[in-house]
Amino acid sequence: MEWKPMKSLRTVVQEVAAQLVVTRDYSLPLCMRLRYEPSDPYVVRATFFTHSDDPGEWVLGRDLLADGLSGSAGDGDIRIWSATGHGGQGMYITLGSSAGTALLEVPVQDVKTFLENTEALVPRGAESGHIDWDIELANLRAES
């Protein structure tokens, strides 16, 4: 029997109310949209919306986000950790670039629910079965 990658047209999208932490006592509300597509199974796209700026998008590793639920994860440009704050469970995400660093606080339960929904589509450890390797190989050849 010929091996064929598993395909799904379903995408998991969840809006999350987040806070951009400016100082210890001041933060700005923003909306974070998390998006997961089984055709790109290792990543989560996080788009951030504020009232005054164009949205910004970051690509996060799904495992990195999941590892941040139970402890500190990541280094370099993206770091994630969970901590108790503001009367409930909060998850903190730092995003760094040449323009500076942003500290975001998001409800850990929202991230947990999102990840559970992604894992219902593609369990952790089964990601490679959802990649169309012919397309990936063609893309690599086109870059050479």
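Placed above this text is the structure.
Residues numbered from 1 in each chain as written. Predicted model: local features only at pLDDT ≥ 70, side-chain atom pairs only at ≥ 80, totals over all residues. Heavy atoms only, no water.

J.: Break down the overall build of the chain for me, with residues and values.
T.: Along the chain, the regular secondary structure elements total 3 helices and 7 strands. Start at the N end of the chain and walk to the C end: the helices and strands fall as β-β-β-β-α-β-β-β-α-α. The burial tally for the chain puts 32% of its 144 residues in the buried class. Split by element, the accessible area of the chain, about 9,000 Å² in all, is 52% carbon and sulfur. (Helix = DSSP H or I, 4+ residues; strand = E, 2+ residues; numbered from the N terminus. Buried < 20%, exposed > 50% of the residue type's maximum accessible area, 1.4 Å probe, protein only. Areas by Shrake-Rupley, 256 points an atom, 1.4 Å probe, with all protein chains shown as cover.)

J.: Could you give an account of the pairing of strand β3 (residues 43–49), naming the residues involved and the relevant values?
T.: The element β3 is largely enclosed, with a buried count of 5 among its 7 residues. The sheet contact formed by strand β2 (residues 26–36) and β3 spans 5 bridges and is antiparallel. Bridge pairing in β3 links Arg35 to Arg45. The turn joining β2 and β3, which pair antiparallel and follow one another in sequence, is formed by 6 residues. Note: β3 against strand β4 (residues 56–61), 6 bridges, orientation antiparallel. Its bridge partner being in β4, Val43 is matched across the sheet by Gly61. (Pairing = 2+ DSSP bridges.)

In short, shape yes, function no, at least from these values alone.
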